[in-house]
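# Per-entry structural report
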Amino acid sequence: MNDEDRNDGNAKDRDLEQERRGSDGEYLTTNHGARVSHTDDSLKAGERGPTLMEDFHFREKMTHFDHERIPERVVHARGSGAYGYFQVYESLSEYTRAGFLTDPARKTPVFVRFSTVVGFRGSADTVRDVRGFATKFYTDEGNFDMVGNNMPVFFIQDGIKFPDLVHAIKPEPHNEMPQASAAHDTFWDFISLLPESAHMIMWVLSDRALPRSYRMMDGFGVHTFRLVNEAGKARFVKWHWRSTLGPASLVWDETQKIAGKDPDFNRKDLWEAIEKGDFPEYELCLQVIEEDQEHDFDFDILDPTKIWPESEVPLQRVGKMVLNRNPDNFFAETEQVAFHPGHVVPGIDFTNDPLLQGRLFSYIDTQLIRLGGPNFNELPVNRPVAPVHNNQRDGYGRQTINRGRTAYSPNSLGGGCPMTAGADMGGYEHYMEKVEGRKVRNRSEKFRDFFSQAQMFWKSITPSEQKRLVEAAHFELGKVGVMEVRERMVHEFFNHIDHELARKVAEGIGVDPPSKDEGVESRYMAPEVSVEHESRPDQVATRKVAILVAEGFDYDQVAEVREALESKGAWPQVIAKRDGALKGADGREIEVDAMHVTTDPVLWDAVFIPGGRESVDAMMKQGDVLGFLDSAFRHFKPIGAMGEGIEVLAARNWSELELSGEGGPVQSDRGVVTLRDANGENGDTRDAFVSEFARAIGAHRHWERDVDHVPG
């Protein structure tokens, strides 16, 4: 690979160019290249006669159609993907010999696939679920796959339990229900008997399971890996991705409505952001533990149900990934991409994490059935940019035309080629870990600490996050029809995490609360698990702001606020009852971006109501507008209004809000920002409104509101 390919991040794009096909100006042909003269009628014996067997075009077209579908993934079936590049900030040669982590000038091409886990390929994006976050690095030393999730832990400690977990959480086999949901008997029956899942259950019931966007979602490698440097020294490592926008989440009521209004919500958000040039960015972060510190913690560092608290093992930000190109074809790329935790490059190695060891077998095995055989690595999206030479041959769908007589090693007829490479020539060498022990089916004692990090999670999130976690437990367990399972979850599961948590869950699901406190005590606090703690209140970039108007709106207010928000990177759009151009009070027109009938308040991050007497009077009579505002308020979203627009808010009677008075300054109360004298001479006052409204948008949600009485 030359320096251009290595440094500009486009090596994979150039590699794919040979596979791309466009049809502009081309004739329709069969798969064997013959031009087709007619494709609307099959070949028949007479106009009303039988179709003839010799119609090769019909047979080919129909046969190909009949075989277009391939098995969907057992888990992570619904996904979205994007290309981009990764660049390390400074050389990590102290830790690893991996080239893409040691050369700051190098831009390594990547493909990332985000996904839900439980649902089928046609399910909705916004279900409560873990999200997959898998990254394929096309390095010049081979492909490296970082196959993770948006949560740093998992349900189980050993890969042998994975079939049981998936069978339990998937739709129940007798009736194939429910779809893309854990809220049913078999899942919670399984979980109630599996205490090792306690920490993960806290994550799944938290805001982390409802991401606002793939762009506002962190990623984690889950497992402990090794980094090995040029001298052969190894260290333990955990991988993290941190979104530069900060994490943000939806609320549960909102997610269910989005699933009906726009089931492609997260997929569309990712696609549109890249098309607009607002490229998603993530920082790669490492946690590193020296080998001689392996047993210094009261948790086992190989346990995939545990995190390494950042207070104990600080996070190091080492590089950035930018996603800057959408795929050309969903099936060929996003659907056919194949990840495998065993795809590593020199300088990265495995540990004895028993869940990781199970995945090292399972991922290759599942690709063989899903993609039709052992040649899935030759599919364009999977093909390395590094040269491939080995003695693997034949099989379904073989693309490579291997030359020469030999397909074995050692050989003399082929000059001994392809030859092996030592470490000094870039060859992969496994870390020489000393391993000894008896053959047992068992786990280390520290693995049996099931509840302390679950309690750490509970103590580390904010009170409003705790409230929503309890409400999530009420929904999930409220769907469980077997009372014994509910009781077991309260008394044998949540009560071992935190007594107050167990009592609050019990109150909502008809279970007697536990009388005895059996919770454990964790000495750790981990504020990094909290979405609210990790959010970026300074970030308004790519937030969607709905500007609600009718004929006679105040043009200057709309133009000024929209321009100011766009300058901060937000996505403001005008919404009205009808499409086309809309006249302002002074006769100037503005184009409507969306109609109420084609959108919904749950699809927006914030709302702005400008003044204009005629516009406000009209909107006061529009149920769509009033429902839009009630929904935004109920879902804790920022709301802004200027001039007469404040009257629409005042009429909603939301919890005695403080609104801007006549001639008064900007007023901000629980995320509702108002300015009465919007058309006065004081431009500083309008600037202050925009600044305060932007701060409200950056906060994303305003949990201090009382919304129980607000119509939903």
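Since this is a predicted model, take the numbers as computed values, not measurements. (Residues numbered from 1 in each chain as written. Predicted model: local features only at pLDDT ≥ 70, side-chain atom pairs only at ≥ 80, totals over all residues. Heavy atoms only, no water.)

This brings us to the nonpolar core. Residues Phe155, Trp188 and Phe494 are the most contacted members of the largest nonpolar core, which totals 67 residues. Elements with a minimum of two residues in this core: helix H4 (162-169), helix H5 (185-192), helix H6 (198-204), helix H11 (452-460), helix H12 (463-478), helix H13 (483-497) and helix H14 (499-509). Those residues in contact with phenylalanine 155 that sit more than four places away from it in its chain are Val130, Leu165, Phe187, Ile191, Leu194, Glu196, Ser197, Met200, Ile201, Val204 and Thr305. Listed in part, the 36 residues of the second largest apolar core include Val88, Val110, Met146 and Val237. (Core = buried A, V, L, I, M, F, W, Y, C linked by side-chain atoms within 4.5 Å. Buried < 20%, exposed > 50% of the residue type's maximum accessible area, 1.4 Å probe, protein only. Helix = DSSP H or I, 4+ residues; strand = E, 2+ residues; numbered from the N terminus. Contact = heavy atoms within 4.5 Å.)

It is worth spelling out the pattern of salt bridges at this point. Side-chain pairs of opposite charge can arise where the charged atoms are in close proximity. One pass over the full model with this rule turns up 54 salt bridges. The partner of glutamate 19 in a salt bridge is arginine 383, and the shortest N-O contact between them spans 3.0 Å. Taken together, the residues span a long stretch of sequence, with glutamate 19 in the loop between helix H2 (11-17) and helix H3 (56-66) and arginine 383 in the loop between helix H10 (354-370) and H11 at a distance of 364 residues. We note a salt bridge from glutamate 532 to arginine 468, for which the minimum N-O separation is 3.1 Å. Here glutamate 532 is found in helix H15 (residues 531-534), whereas its partner arginine 468 is found in helix H12, with 64 residues between them in sequence. With a relative accessible area of 13%, arginine 468 lands in the buried category. Bridged by salt links that share partners, the residues Asp13, Glu17, Arg20, Arg325 and Asp328 form one connected network. (Salt bridge = Lys/Arg side-chain N within 4 Å of Asp/Glu carboxyl O.)

Below, the discussion takes up the packing of H5 against H13. For the pair H5 and H13, the least separation of the axes is 9 Å and the interaxial angle reads 30°. Classified by the angle between their axes, H5 and H13 sit roughly parallel to one another. Of the two elements, H5 crosses H13, and the hand of that crossing is left-handed. Mapping the contact onto sequence places Trp188, Asp189, Ile191 and Ser192 in H5 and Val485, Arg488, Met489 and Phe493 in H13. When grouped by side-chain class, the residues that make up the contact of H5 with H13 number five nonpolar, one polar and two charged. (Axes fitted to C-alpha atoms, helices over the stretch in contact; angles between N-to-C directions. Parallel < 35°, antiparallel > 145°, perpendicular 65-115°, else oblique. Left-handed = near helix turned anticlockwise from the far one by under 90°. Nonpolar A, V, L, I, M, F, W, Y, C, P; charged D, E, K, R; others polar.)

Moving on, we get to the sheet that holds strand S19 (residues 672-675). Strand order in the open sheet made by the seven strands is S15-S12-S11-S16-S17-S19-S18, with mixed pairing throughout. Edge positions in the sheet fall to strand S15 (594-595) and strand S18 (667-669), since each of these pairs with one other strand and no more. Inspection of the sheet shows strand S17 (residues 639-642) paired to S19 by four bridges, in the parallel sense. Bridging across to S19, alanine 641 finds its partner in threonine 674. Of the strands in this sheet, strand S11 (544-548), strand S12 (571-576), strand S16 (606-609) and S17 are in contact with helix H16 (residues 555-567), which crosses S12 at around 150°. (Pairing = 2+ DSSP bridges.)

Glancing now at a nonpolar patch on the surface. Together, Phe58, Met62 and Phe65 line one region of the surface with nonpolar side chains, adding up to about 290 Å² of accessible area. Mapping phenylalanine 58 onto the fold places it in helix H3. (Patch = residues over 30% accessible without salt bridge, like charges linked within 9 Å, V, L, I, M, F, W, Y side chains within 5 Å. Areas by Shrake-Rupley, 256 points an atom, 1.4 Å probe, with all protein chains shown as cover.)

At their nearest, the axes of H12 and H14 sit 9 Å apart, and the two run at 45° to each other. With respect to H14, the axis of H12 lies oblique. The two elements H12 and H14 cross, and the hand of that crossing is right-handed. Together, Leu469, Val470, Ala473, His474, Leu477 and Gly478 of H12 and Leu501, Lys504, Val505, Gly508 and Ile509 of H14 make up the contact between the two elements. Here the contact of H12 with H14 is built from residues that sort into seven nonpolar, three polar and one charged.

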